[in-house]
There are 4 protein chains.
Amino acid sequence: MLSLESDYTKGAHKKILERLCEINMEPQPGYGSDMYCEQAGEKIKAACGCHDADVFFMTGGTQTNALIIDSMTEPYEGVVAADSGHVSVHEAGAVEFTGHKVLTIPGNCGKIQADRLRNCLEDFWKDENHEHMVFPGMVYLSHPTEFGTLYSLKELEEISGICREYQIPLYLDGARLGYGLMSQDTNVSLEDIARLCDVFYIGGTKVGALFGEAAVFTKKNTPKHFVTRIKQHGALLAKGWLTGVQFDVLFTDGLYFEISKKAVNLAQKIKEGFAQRGYEFFIDSPTNQQFIVLENGEMEQLRKKVRFSFWEKIDDSHTAVRFATSWATKESEIRELFKILDEVRS
Amino acid sequence: MLSLESDYTKGAHKKILERLCEINMEPQPGYGSDMYCEQAGEKIKAACGCHDADVFFMTGGTQTNALIIDSMTEPYEGVVAADSGHVSVHEAGAVEFTGHKVLTIPGNCGKIQADRLRNCLEDFWKDENHEHMVFPGMVYLSHPTEFGTLYSLKELEEISGICREYQIPLYLDGARLGYGLMSQDTNVSLEDIARLCDVFYIGGTKVGALFGEAAVFTKKNTPKHFVTRIKQHGALLAKGWLTGVQFDVLFTDGLYFEISKKAVNLAQKIKEGFAQRGYEFFIDSPTNQQFIVLENGEMEQLRKKVRFSFWEKIDDSHTAVRFATSWATKESEIRELFKILDEVRS
Amino acid sequence: MLSLESDYTKGAHKKILERLCEINMEPQPGYGSDMYCEQAGEKIKAACGCHDADVFFMTGGTQTNALIIDSMTEPYEGVVAADSGHVSVHEAGAVEFTGHKVLTIPGNCGKIQADRLRNCLEDFWKDENHEHMVFPGMVYLSHPTEFGTLYSLKELEEISGICREYQIPLYLDGARLGYGLMSQDTNVSLEDIARLCDVFYIGGTKVGALFGEAAVFTKKNTPKHFVTRIKQHGALLAKGWLTGVQFDVLFTDGLYFEISKKAVNLAQKIKEGFAQRGYEFFIDSPTNQQFIVLENGEMEQLRKKVRFSFWEKIDDSHTAVRFATSWATKESEIRELFKILDEVRS
Amino acid sequence: MLSLESDYTKGAHKKILERLCEINMEPQPGYGSDMYCEQAGEKIKAACGCHDADVFFMTGGTQTNALIIDSMTEPYEGVVAADSGHVSVHEAGAVEFTGHKVLTIPGNCGKIQADRLRNCLEDFWKDENHEHMVFPGMVYLSHPTEFGTLYSLKELEEISGICREYQIPLYLDGARLGYGLMSQDTNVSLEDIARLCDVFYIGGTKVGALFGEAAVFTKKNTPKHFVTRIKQHGALLAKGWLTGVQFDVLFTDGLYFEISKKAVNLAQKIKEGFAQRGYEFFIDSPTNQQFIVLENGEMEQLRKKVRFSFWEKIDDSHTAVRFATSWATKESEIRELFKILDEVRS
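Residues numbered from 1 in each chain as written. Chains lettered and ligands numbered in written order. Predicted model: local features only at pLDDT ≥ 70, side-chain atom pairs only at ≥ 80, totals over all residues. Heavy atoms only, no water.

## Some remarks on the overall build of chain A
Definition in use: Strands here are runs of E lasting at least two residues and helices are runs of H or I lasting at least four, both read from the DSSP assignment and numbered beginning at the N terminus. Only C-alpha atoms enter the radius of gyration; for comparison, a globular chain is expected to reach 2.2 Å times N to the power 0.38, where N is the number of residues. When a residue's accessible area, from a 1.4 Å probe over protein chains only, is under 20% of the maximum for its type it is buried; when over 50% it is exposed; and in between it is partly exposed. Between two residues, a contact is recorded if the distance between any of their heavy atoms is within 4.5 Å. Computed with a 1.4 Å probe, the accessible areas rest on the Shrake-Rupley method; for each residue, only the protein chains presented here act as cover.
Helix and strand content of chain A: 14 helices and 13 strands. The C-alpha radius of gyration computed for chain A amounts to 21 Å, which stays within 12% of the reference 20 Å derived for 346 residues, consistent with globular compactness. The principal-axis extents of the C-alpha atoms in chain A amount to approximately 60 × 60 × 35 Å. The proportion of buried residues among the 346 residues of chain A is 66%. Partitioning the intrachain contacts of chain A with sequence separation of at least 6 by distance along the chain shows that 72% fall at a separation of at least 24. For chain A, the accessible area works out to roughly 12100 Å², and carbon and sulfur atoms hold 48% of it.

Here you go:
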């Protein structure tokens, strides 16, 4: 069975496993105070072109989002997100669990539009009753978005400018950041993100690691006693070096970028393959997730040999589905996909 | 440098690493719905002699404690713990962060005493103003305790009986459970714990795993929609099988017990070694943590070649320190410890 | 200066003040355990035709909303509300502060539409990923809504039916309930509300009392140890009889309904007065709040002699404003309003 | 039946009721933005000798405590209190509900001792693991304490000095502040409190008002957007002037002090009466609460004609009980008490 249903179905890049095996019996200090976390942090800061950043490692995306939003907003503040934002929809209310509201604005293919953001902030501050409302205290973006789409540099600059004007931090959820940075259709670099955002995270779980996300505070703005906040959230790993060493490997010799690029290129082959066969796309994605509209009968046939994700019902006879590549996808798997598809179609 | 400062300084038992490497490229469903979690759960249930238990895997102890306490108590309830309990002292208020008070009673070498527990519960319910107080809604034990001590079967039975009388769940924090079960001085088995507790966790992080704790609900009492609660706490690992496969290995052919036994035996050698040399013990521990009173000058000498933990200042010239063995400790390291000690003393 | 800006600018109906003065030196037991709370509860239950209801008194609307929603939903559940719902917009995130998400659906003039509600619930339960989402655990309505509009009996029955089908409680925020029940354009009675809702509150602050809201649980569904929850929320008044005695007066000889009716009738005179003069209405309200579109110049003139509320900018030269009557409004004030308006217009 | 069981069994001083009646039909702006709140604030600031203080009004003590502690501590901080402190014992966990731990130290007759406080803070900061612990972020005192005792000026100065040394705010719960300030055995003035504390509240509920507490921030340290925090806690009264006007009356011509003095003097008569008759005191209180040890049979006899509070069982045949005076107590009631007692004893 071909597995293209998501980008977190397999373990880790073999270099990571090798390294974990190598250092297995080296005693390490706990809770992220080890040299691997230190070293990985240095490499990430170099890759970001931001040498006075602070880097912390968490185990998963929802955890990282709740922790960062909770610790960078005041208790009377919420976080502005697109209505399709992961924090708003698919995190079981982890942000609200910490007492903060997610303030949604209608997204455009998963993206926040600068003018809508500006209106939202302007309206809040002009409202006579704003003391009775949740203050917009942060802006949350995902890049790539939940729909695989990307912000252009200009869009990011506009949003960042608005955040600075209103003096609220811009936070970028980079669960799939590698696949965004290595897209052929992006003009946004990691340096740009570090420059334009106040905090962001570089996803490891979906990009080559067993688990782990690297949170980067770029403006000397790490929340006070952040380690205590991590602990309080139940997010402090005793053997913190496990995340450190994984990111150390990923950010050595550009491995993170290399494996991301491979995945995105294979996703583009999926895109081309479906396009050539005349399929409609649910959304036009330049990254590792591809959203295709399938006729239901064909979908059921395909499902017997390929795992993909249900996305959305289109009409009574059509469904949008998602195919995702990852660092672990092989070119042969893409060939296999289209071989199976062509059999189904014939 | 000899490393005896804690039981979480090294990676994982080699069988775990081997297994992780073997299955690395097998695609797995996410969030703990995989066959390894299933399989590990079955083995744990068998080891507990409790076939209708439910087993869930988390990544760390504080996370597990906060999740279980929060989801098994009503919002108006707190958890009763010894004043030295980990949830009360060393979890950065993670329990209070979820809105629940930790209600402390004075512990005896880290243990709750049945009569004090009974008084606490009796006093609460007799108090005319108890509606203005936090209800005692759960009892929290650690076994081994933070001082390495163990409950006897009779003590556990008494506490469990009181909990049933007052109809509140008994929760046992088993961060170091293996080292308790394999002590030469215990008459408490895993089956006893499963029978007497309503929920407990089997620690992996400190007993052979890279990370991971297995929460066991023994009385068909898993909180409703518990997966959503895990997600809400930011504790749901995308690649849940990573914990499943580790516990699967640990609970195959009794590995968990075998490595625990080895560690406890080595700890007893530490105990004997210090006893023979006439040292005083800060506390009498039958498990993998040994608490010795050192003269400060000697302590400083020893520290140059051995890592151990500061525990408590005794007086101006003496300090209690902790030496911990683990699944990873070698017999040669204990010999080395005393070789160094004897050099220091001579 | 004529005061029509809101319905909470004046103290209490004189019968309430008289009664407070009369009983001032009678010693009472605290925290709502007094005979006035008891007596008021009985009268409210009779008025609701629901003799096994439980009635509790709080001091304000936001407090009541947060308390009821928090204590009647599970921690993994949120409350469904219209996007304009008071709990969603104007309570400073008090619901999220207790950990629960407000799940919004687009409202129609402030009202939830049954078909949208059904879709929302259906979509949730059909979604394969709903375990990663906030469960819709309650439905919140305001009646009258924030726009002064009312649900018809048929609408309420449909919504109530959907809630029962999905086994979630229906909660009605009756901050201005009297003004809804006494509208000439309603076919909904207090008995209907008690029958169709699982919990609701009867607003006192805006309807004749100094302060106070009466929460009514209609289905033997009072949350366990609710007094403790009230205390925990900081909402338990030491001298609870102060709310009890006010509601006792309001529900003696139909005072609550009588003063509400008078206010609604005066609001209809405002409506007629503006209609006769050819004004446009921002929204068609059958209750005590009237929303009129004014030309900006005229608005500024009027503002010199009358206090009203800004509601919404319509275009560059027009603004929607609100005039509110209350139990305290006099017929002469309405005549004065139009006298002033006619002067402004001439 | 004589009512001496507590100080919140009766309504308000008649001047307050008169004033409420007088202004009943004056329209007021909402949410505490009215002139009565303004005026009362000014008078309180004058009485405190602290002209740049900020004053806010809440409805009850638990609400005020939770709000002030929550908004003046960081999320990783808790509040240090005596183990008998009201916030620790009798507020149903309202502080923990907001996510903050109450860190207790053993009290001495309800009071925090300076040396214990210093040790607690010193120990925390010296602890190598303090990042895994709840930070002591505020000190909470009650004055009078729950046992009616008072801090001396020297004690307050010492505690205040320690707080400043550790840069954490000192908060004083003045639910019964009047009865403390007017004690014959105090050398602490309201100015002292304003000078030595960072925030405190002046209790109205127990000292002449229907309800209401006045929070005073003395060091230009009002939490940012505090009105929004009040709203978020469900503590913002729509008709905020109700509290303002009550404190305006209480702080006009020294009424607050006058009625407090009368109550304390009557309490001293209770003390003398019991002392003359040879009774033992459970605690030596110089304020309006008197704690007497009664023989159980006598207690039961007395209970038939006098209401008092059970405090604590002393032994099988004796019980400590509390008699409380208040602004509403009459001298004749004290005479009546002893007349009844003497009948019982004869």
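## Some thoughts on the pairing of strand β12 (residues 309-315) of chain D
Every regular strand shows the same layout, with side chains that alternate between the two sheet faces. Residue and element names in this part refer to chain D. Counted only if it meets this: Pairing between two strands is assigned when DSSP locates at least 2 bridges connecting them.
Pairing geometry for β12 and strand β13 (residues 318-324), over 5 bridges, is antiparallel. Bridge assignment links Lys313 to a residue of β13, and that residue is Thr319. With antiparallel pairing between neighbouring strands as the criterion, β12 and β13 make up a hairpin whose turn holds 2 residues.

## Remarks on the confidence of the model for chain A
Stated precisely, the cut-off is as follows: Confidence scores here are pLDDT values: one per residue, from the predictor, ranging 0 to 100.
Averaged over every residue, the pLDDT of chain A is 98; residues scoring 70 or more account for 100%. With pTM at 0.98, the complex prediction returns an ipTM value of 0.97.

## Some thoughts on the interface of chain C and chain D
Here is the rule: By convention in these notes, a salt bridge is any Lys or Arg side-chain nitrogen within 4 Å of a carboxyl oxygen on Asp or Glu. Nitrogen and oxygen atoms within 3.5 Å of one another constitute a polar contact, given that in protein one can donate a hydrogen and the other can accept it, and given that sequence-neighbouring residues count only through two side-chain atoms. Residues are grouped as follows: Ala, Val, Leu, Ile, Met, Phe, Trp, Tyr, Cys and Pro are nonpolar; Asp, Glu, Lys and Arg are charged; all remaining types, including Gly, are polar.
Taken together, the 43 residues of chain C in the interface contact 44 residues of chain D. The interface formed by chain C and chain D holds 0 salt bridges in total. Scanning the region where chain C abuts chain D turns up 20 residue pairs in polar contact (both at pLDDT 80 or more). If you list the elements that add at least two residues to the side of chain C that touches chain D, you get α1 (14-22), α3 (61-72), α5 (94-97), α10 (226-232) and α11 (241-250) of chain C. Partitioned by chemical class, the residues of the side of chain C that touches chain D number 20 nonpolar, 16 polar and 7 charged.

## With respect to the sheet that holds strand β7 (residues 199-203) of chain B
To summarise the sheet geometry, strands pair through backbone hydrogen bonds and adopt either a parallel or an antiparallel arrangement. Residues and elements named next belong to chain B. Short version of the rule: Here, axes are lines fitted to C-alpha atoms. For helices the fit covers the stretch in contact, and angles between N-to-C directions go from 0 to 180 degrees.
As summarised here, the arrangement of the 7 strands in space is β2-β8-β7-β6-β5-β3-β4, forming an open sheet in which the pairing is mixed. Of all the strands in the sheet, the pair left with one neighbour each is β2 (54-58) and β4 (102-105). Each adjacent strand pair in this sheet contributes to an overall mean axis angle of 25 degrees, direction not counted.

## Notes on helix α11 (residues 241-250) of chain A
In terms of burial, α11 of chain A is largely enclosed, as 10 of its 10 residues are buried. Against α1 (14-22), α2 (35-48), β2 (54-58), β7 (199-203), β8 (213-217) and α12 (255-276) of chain A lie the buried residues of α11 of chain A.

## Here we look at the packing of α1 of chain A against helix α1 (residues 14-22) of chain B
Rules: Orientation is classified from the angle alone, with under 35 degrees giving roughly parallel, over 145 giving roughly antiparallel, 65 to 115 giving roughly perpendicular, and any other angle giving oblique.
One way to put it is that α1 of chain A packs onto α1 of chain B with a least axis distance of 11 Å and a crossing angle of 175 degrees. Classified by the interaxial angle, the pair formed by α1 of chain A and α1 of chain B is roughly antiparallel. Of the residues in α1 of chain B, those in contact with Leu17, Leu20 and Cys21 of chain A of α1 of chain A are Leu17, Leu20 and Cys21 of chain B. Residues belonging to the contact of α1 of chain A with α1 of chain B are distributed by class as follows: 6 nonpolar, no polar and no charged.

## Examining the relation of the copies chain C and chain D
The cut-off we apply is this: Fitting of the copies onto one another was done by least squares over C-alpha atoms, counting residues only where both copies have pLDDT of at least 70.
Between the two copies, chain C and chain D, the superposition gives an RMSD of 0.0 Å; the rotation angle is 180 degrees and the shift along the axis is 0.0 Å. The transformation relating the two chain copies, once decomposed into turn and shift, fits a two-fold axis. A shared binding surface is used by both copies, with 100% of the interface residues of chain C retained as interface residues in chain D.

## Quick look at the pattern of salt bridges
Taken as a whole, this structure holds 80 salt bridges over all chains when the rule is applied. Among the ionic pairs, Arg176 of chain A bridges to Asp7 of chain A, the shortest N-O distance being 2.6 Å. Residue Arg176 of chain A is found in the loop between β6 (170-174) and α8 (177-181), and its partner Asp7 of chain A is found in the loop between β1 (2-3) and α1; the two are separated by 169 residues along the sequence. For the pair Arg176 of chain A and Asp7 of chain A, a shared accessibility class is recorded, and that class is buried. One salt bridge in this structure joins Asp192 of chain B and Arg195 of chain B, with 2.9 Å as the shortest N-O distance. In this pair, Asp192 of chain B and Arg195 of chain B both sit in helix α9 (residues 190-196), 3 residues apart, roughly one turn of the helix. A relative accessible area of 11% places Asp192 of chain B in the buried class. Taking relative accessible area as the criterion, Arg195 of chain B reaches 41% and is therefore assigned partly exposed. Look at the salt bridges and you will find they share partners, linking Glu157, Asp192 and Arg195 of chain A into a network.

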